[in-house]
Amino acid sequence: MRYETLTIKNFKRFKDLTVPNLTNINLISGKNKVGKTSLLEAIYVHGGAGTPEIKLWTYPLSDIKPFWVFLFNDYDMRKTIEIHSQKLTVDDVLFIRNVEDEKEEILEELSKYEAFPYRPETSFLLETYQQCSFCPDVQSYYTVLYERGTTSQPRPSQFPVAFLHFRSIEKLSQSYYELYTDDFRNYLQIVNEIRKFDANIYNLKVSDINGMPLLYIEDKEGLTPIYYESYSELELLNICLGMYEARNGVLLIDNEDSLFHHSQLEAFWKLIDNLADMFKVQVFITTQSYELITYASKVFKDSNKLNYYRLDENSVKVFDSSELKLMVELGMEIR
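First, a word on scope: everything that follows refers to the structure included in this document. Because the structure is a prediction, the values reported are computed rather than measured. (Residues numbered from 1 in each chain as written. Predicted model: local features only at pLDDT ≥ 70, side-chain atom pairs only at ≥ 80, totals over all residues. Heavy atoms only, no water.)

Moving on, we get to the overall build of the protein chain. Each helix and strand counted, the protein chain has nine helices and 16 strands in total. What you see for the protein chain is a C-alpha radius of gyration of 22 Å, in line with the 20 Å of a compact globule of 335 residues. C-alpha atoms of the protein chain, sized along the principal axes, occupy 65 × 55 × 40 Å. Counting only residues that meet the buried cut, the protein chain has 52% of its 335 residues in that class. A separation threshold of at least 6 residues defines the contact pool for the protein chain, and within that pool the share at least 24 residues apart is 66%. By element, 48% of the accessible surface of the protein chain is carried by carbon and sulfur atoms, the whole surface being about 16,500 Å². Looking at the protein chain, you have 36 positive and 50 negative side-chain charges, and the mean spots of the two groups are 4 Å apart. (Helix = DSSP H or I, 4+ residues; strand = E, 2+ residues; numbered from the N terminus. Rg over C-alpha atoms; globule rule 2.2 N^0.38 Å. Buried < 20%, exposed > 50% of the residue type's maximum accessible area, 1.4 Å probe, protein only. Contact = heavy atoms within 4.5 Å. Areas by Shrake-Rupley, 256 points an atom, 1.4 Å probe, with all protein chains shown as cover. Lys, Arg positive; Asp, Glu negative; His and termini not counted. Charge placed at Lys NZ, Arg CZ, Asp CG, Glu CD.)

Here it is, written out as structure tokens:
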């Protein structure tokens, strides 16, 4: 397990939030704008998978400044962001701060490197550094914001941390083709899990037509290119691939309000459970779907693999699977 307790300070909506008792599968809900996505982003940054510029592409490059201010709680860039993971005797704290006093000196030093040309229109310099009980040496990494772009020093990942993201049919086909050719054993394991999820799916087939891979689903009607499959089938393929890519690490699934029919939700949670075990992945899922939460309570009713987290402003309530099952049986509104 990668995370057991997580404390987030001065990051986006969180002034000071501690999320305890993290387990294999962590289901997170709450009202709009309480920070469900921000919680996943904090994990993403802490694990080293991304620099502070995650989601920069969602903001116009002509007006980047508001994004950087938004990273800091209350838009106060004088604060230092802290993302603190605790596991048994191991403390691991990531710090992100806006550099002001030493800014020109650091920029001058960075300008010696080809990736960091000195530019007078520089607006901000963010320093990211990590302190942990198993790595005594502290190394700083810098992200420089220019008027029309950014440059970052890549920070090494401690373990794989992946956001499940939309893939085009072309990218989905390419990824499954590479999995088929490079890791056939795990390809077969994924196909087997897909069969368990949907008995109407017999197999997956990949072909390479003039250098363009294409994925097919085989059922009783024969082979169908995934161009003609429903969004739920594409989501199924994407989740399986995401689990594989995050093996021995963490997978973050945001806003899983489910493309699957309610009759498939029990199979959905069994798929998540099996793949998480198979690839040794710790999973974080945010949702507002009562049906999804209900079926999670059924599948994990006798298991300690899932906890449910009800997120509010700078506070969280934690329920284990047995407590979740009881609340669902009582018809309580828990989202």
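On to the sheet that holds strand 9 (residues 161-163). If you trace the six strands from one edge of the open sheet to the other, you get 9-13-14-3-15-16, paired in mixed fashion. Of all strands in the sheet, those with a lone pairing partner are strand 9 and strand 16 (315-320), marking the two edges. Within the sheet, the average angular offset between the axes of one strand and its neighbour, ignoring direction, is 20°. The sheet contact formed by strand 3 (residues 25-30) and strand 15 (residues 306-312) spans six bridges and is parallel. Looking at the pairing, L27 lines up with Y308 of strand 15. (Pairing = 2+ DSSP bridges. Axes fitted to C-alpha atoms, helices over the stretch in contact; angles between N-to-C directions.)

One can find G222 in strand 12 (residues 222-225). On the basis of relative accessibility, which here comes to 23%, the residue G222 falls in the partly exposed class. For the pair G222 and Y141, spaced 81 residues apart in the sequence, the C-alpha separation amounts to 53 Å.

The next thing to look at is the packing of aromatic side chains. Scanning the entire structure with this criterion turns up twelve aromatic pairs. Between F184 and Y187, the aromatic rings sit 5.9 Å apart at their centres with planes inclined by 20°, giving stacked as the arrangement. Of the two residues, F184 and Y187 are both situated in helix 5 (residues 184-197); the distance of three residues between them amounts to about one turn of the helix. A relative accessible area of 42% places F184 in the partly exposed class. Taken together through their ring pairs, the aromatic side chains of F197, F260, F268, W269 and F300 make up a single cluster. One Lys or Arg, R247, reaches over the ring of Y244 and ends 3.9 Å from the middle of that ring. (Phe/Tyr/Trp six-rings, centres within 6.5 Å; stacked < 30°, edge-to-face > 60°. Lys NZ or Arg CZ within 6 Å of the ring centre and 35° of its normal.)

It is worth spelling out the side chain of E193 at this point. By the element assignment, E193 lies in helix 5. A residue is classified by how much of its surface remains accessible, and E193, at 5% relative accessible area, is buried. Not counting residues up to four positions away in its chain, the partners in contact with E193 are L271, N274, L275 and M278.

Turning to the pattern of salt bridges, a few remarks are in order. Under the criterion given, the structure shown has 13 salt bridges. With a closest N to O distance of 2.9 Å, D76 and R78 form a salt bridge. Here E266 and K270 are joined by a salt bridge, their closest N and O atoms 3.3 Å apart. In this pair, E266 and K270 are both assigned in helix 7 (residues 265-279), four residues apart and thus about one turn of the helix distant. Looking at E266, the relative accessible area reads 34%, which means it is partly exposed. Overlapping salt bridges, with partners in common, bring together R97, E102 and E127 in one network. (Salt bridge = Lys/Arg side-chain N within 4 Å of Asp/Glu carboxyl O.)

Turning next to unusual backbone geometry. Glycine aside, a negative phi is what most residues show, and trans is what most peptide bonds show. Its identity is not glycine, yet K12 carries a phi of approximately 50°, on the positive side. In this fold, K12 is placed in the loop between strand 1 (5-11) and strand 2 (14-19). In this structure, K280 takes a positive phi of about 55° despite not being glycine. By the secondary structure assignment, K280 is in the loop between helix 7 and strand 14 (282-286).

Here the focus is helix 9 (residues 321-329). Working note: α-helix, 3.6 residues per turn, so residues spaced by three or four point in the same direction. Among all positions of helix 9, only S321, L324, M327 and V328 are buried. Down the axis of helix 9, the buried set is contained in an arc of 125°. They therefore lie on one face. Check the buried side of helix 9 and you find it contacts helix 8 (290-299), strand 15 and strand 16. A positive backbone phi angle near 75° is found at G331, which sits one or two residues after helix 9. (Arc of directions from axis to C-beta.)

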